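# Descriptive analysis of the structure
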Amino acid sequence: VQLQASGGGLVQSGGSLRLSCAASGRTFSDYVMGWFRQAPGKEREFVATINRNGGSTAYADSVKGRFTISRDNTKNAVYLQMNSLKPEDAAVYYCAADRRSFSWATYAGRQTYSYWGQGTQVTVSS
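All figures in this text were calculated on a predicted structure; none of them were measured in a lab. (Residues numbered from 1 in each chain as written. Predicted model: local features only at pLDDT ≥ 70, side-chain atom pairs only at ≥ 80, totals over all residues. Heavy atoms only, no water.)

## Looking at unusual backbone geometry
- Notably, asparagine 76 is not glycine yet its phi reads approximately 55 degrees, a positive angle.
- Note that asparagine 76 resides in the loop between strand 7 (67-72) and strand 8 (77-82).
- Residue classification places asparagine 76 among the partly exposed residues on the basis of a relative accessible area of 27%.
- Backbone geometry at serine 84 places phi at a positive 50 degrees, although glycine is not the residue there.
- Locating serine 84 in the fold gives a position in the loop between strand 8 and strand 9 (91-98).
- Using a relative accessible area of 40% as the deciding quantity, one classes serine 84 as partly exposed. (Helix = DSSP H or I, 4+ residues; strand = E, 2+ residues; numbered from the N terminus. Buried < 20%, exposed > 50% of the residue type's maximum accessible area, 1.4 Å probe, protein only.)

## Let's talk about the pairing of strand 7
- Across the two faces of strand 7 the burial differs, with Phe67, Ile69 and Arg71 buried and Thr68, Ser70 and Asp72 not buried at all.
- As judged from the six bridges shared by strand 7 and strand 8, these two strands associate in the antiparallel manner. Paired with threonine 68 across the bridge in strand 8 is glutamine 81.
- Here strand 7 hands over to strand 8 after four residues, with asparagine 76 in that stretch at a positive phi of 55 degrees. (Pairing = 2+ DSSP bridges.)

Structure follows, in structure tokens:
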């Protein structure tokens, strides 16, 4: 599967952005999808994940209550709605996908995902 992330940009602290990730090449609904982010000098970290039918989601504690992951299997896309953005949310955001089945907690690990998009930059000004 090929992944293309978009929607990043510059936003003021407290603002909102919606990231999109378009998938192509395979049956999208076969994949668990995730969002990760990487700030300069830091490791890539988990943000959110969503199961194949969109019925289950999980979030990093740092974004819980502010970010929402969703997917539309008819459009082969996953989204990340980011509200109440903070300067510490600034990073390159990556979408990721995997077809394999693991325990749900495993999907918070970046090593779980076989496919990655190219990333989209999110900048938050204070």
